Structures are given as structure tokens and as C-alpha cells.
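Residue-level structural notes
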Amino acid sequence: MPEDLRGASPISNAIAVLRCFSVDEPMLGVTEVAARVGLHKSSVSRILATLEAEDVVERDPMTRRYRLGLGVIGIAGPLLADLEERRVARPVLRDLAERTGETSALLLWNGHHAVSVEQVPSPHLVKHTTSLGTRYRTALSASVQVFLATLPAAHRKTLLTGGTIAYTQTDDAGLAAFADRLAEATARGYAVNYGETSIEEVGVSSPVFDHRGDVTAAVLVSAPRFRVSPEQLAALGEACADSAADITRRLGGAPAQRVAG
């Protein structure tokens, strides 16, 4: 039987709840957690709700069970070096930044945001950079497009129409046009944000696949718009896609086939 933690501090209780999640049991329900920490289900539910609000845990919308969230990264920054995708991607991102002269980054998906977990800044004085842990929730962000393209249409529609992902054209025609855009990005090997979320910025992003063939991360190249003409955009996108394919191979995955043109 677990030790009863009702006399412990709120912080101790929250830590005990977090320690319930493991590699073998990454997803747990409130009842399971309550049984393990020796707290009433209502107390565990409140703790999990607080942790969810801070993105430290996230709840699966289908099963209503919880798992650790990417908000943990913001707390455990020094441990980022142990994140496999980040460790594998670092030298590739460094090479990508050197080849393009622009900022390169790696992002993961937490179910409703793209989260920056690694970055190599551009060597230029004028550049676009963000803090690790920055979350992107705009549909036209290049990295968000990469992750949305992997979702079932119904799930993607829920995120867009419910406001979880910011998007203005949520009527049937707008959603259909966006689906076509995502399909084109998938075939091309990279998504594009040419001044659509910020008039001053250009972003291209490509998917990284794991050994199961699932998209596990996205590589992003971001640059000031004045430095990237529409004619230069394809070269930037191809460089991004090549680097994502390199990371995919290093993770034991197989890069997706890209349609030329």
C-alpha cells in the first residue's frame, strides 16, 4: 500500500503525483494516481488540473488519462541534453545554420502546441530567435503545419475550430483549403510561413520521423523576411528538408519521399 501523503506539503504531493508516470506507464488516470500516492481522488484531480494548466502534464482528449507534458522542459532545462531528439539534432542544426546563415531549431508537439527544444542562432546581427520552451499555436506557423498535417482530419478540425490552434478561416471552404495546403507541404517536404504570422519573418519547417515512421519532431529555419526572396524560399526549404532527413536517419527512421518541383 502506498504511504498516505495527506499530511505532506502540496509540493510534495505534486512531486509524488509526477513520479507516478514512467516509461512503462506513461499514461495514468486519476484513480490510478490516487491509489499510488494515497490521496483522495478529488485531491489528485486538483493537483493534475493545476499541473495541466502549466503544461507539466497533459490529458488525452479521448481517454481522459494524463501523461507528462512538454512544460517539464521549461522546468528541467539543464536536462535537455538528455533528450534523444535534441542530442541527435544538435550537430545537424549547427550545420544547417552555417549553410543557410539563418536560425535553425528543433520543435516537439505536445498535443496542442509546437514547443521549441533546441536552437542554433543565425550568425547575422539581425536574426529571429526564441527562448527554449517557446510554444507556437498559430496554424500558419511552419512547424505547427508540420504537426497538423499528421493528425486525422476530424482531430485537426477540432483544434482549429475550437481555438486551441489559432486560425481565422474555419468555415468548410477555409478548412478544405488548409487541408490542401498541408498536403502540398507534405509532398514537398517542407511547410512555409512567408510573413503570415509576422510580416517581418519567414519560416520553413520539415518533419523528423522515428523508427516507427511517426513524426517525432520538426526542424525549423527562421529568417528575417528581407533576407529571403520568394525565389530563395525553395532553396531554404530544401536545406531544411535535407537536415530533417539526416536527423531522421540518425534516429533510425526512414525519410519521407519528396515530390520535386
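Preceding block: the structure.
On a predicted model such as this, the values are computed, not experimentally measured, just so you know.

1. Here's the deal with the pattern of salt bridges
- On inspection of all chains with the given rule, the structure shows 14 salt bridges.
- Here Asp-60 makes a salt bridge to Arg-67, at a shortest N to O gap of 3.7 Å.
- Overall, the relative accessible area of 15% leaves Asp-60 in the buried class.
- Linking Asp-210 and Arg-212 is a salt bridge whose minimum nitrogen-to-oxygen distance equals 2.8 Å.
- Given a relative accessible area of 10%, Asp-210 falls into the buried group.
- For Arg-212, a relative accessible area of 57% corresponds to the exposed category.
- By sharing partners, the salt bridges in this structure join Glu-58, Asp-60 and Arg-67 into a single network.

2. Looking at a nonpolar patch on the surface
- The grouping of Leu-125, Val-126 and Phe-226 at the surface amounts to a nonpolar patch, some 400 Å² of accessible area in total.
- Here Phe-226 shows up in the loop between β8 (215-224) and α9 (230-250).
- Classification of Phe-226 by relative accessible area gives exposed; the value is 65%.

How each quantity is defined
Think of each chain on its own: its residues are numbered from 1, step by step along the sequence as written. Predicted model: local features are reported for residues with pLDDT of at least 70 only, side-chain atom pairs are reported and counted for 80 or more only, and whole-chain, interface and lining totals are derived from all residues. Water and hydrogen atoms play no part in the side-chain values, which are based on all heavy atoms of the structure. Here, a salt bridge means any side-chain nitrogen of Lys or Arg that lies within 4 Å of a carboxyl oxygen of Asp or Glu. Exposure is judged per residue with a 1.4 Å probe applied to protein chains only, and the accessible area is read against the type maximum: over 50% gives exposed, under 20% gives buried, and values in between give partly exposed. Like-charged residues are merged into a patch within 9 Å and nonpolar side chains (Val, Leu, Ile, Met, Phe, Trp, Tyr) within 5 Å, provided each residue has over 30% relative accessible area and no salt bridge. The protein chains shown are the only cover counted for residues, whose accessible areas, like all others here, come from Shrake-Rupley with a 1.4 Å probe. Think of it this way: any DSSP run of H or I at least four residues long counts as a helix, any run of E at least two long counts as a strand, and we number them from the N terminus.

From the geometry alone we can't say anything about function, so treat these as descriptive.
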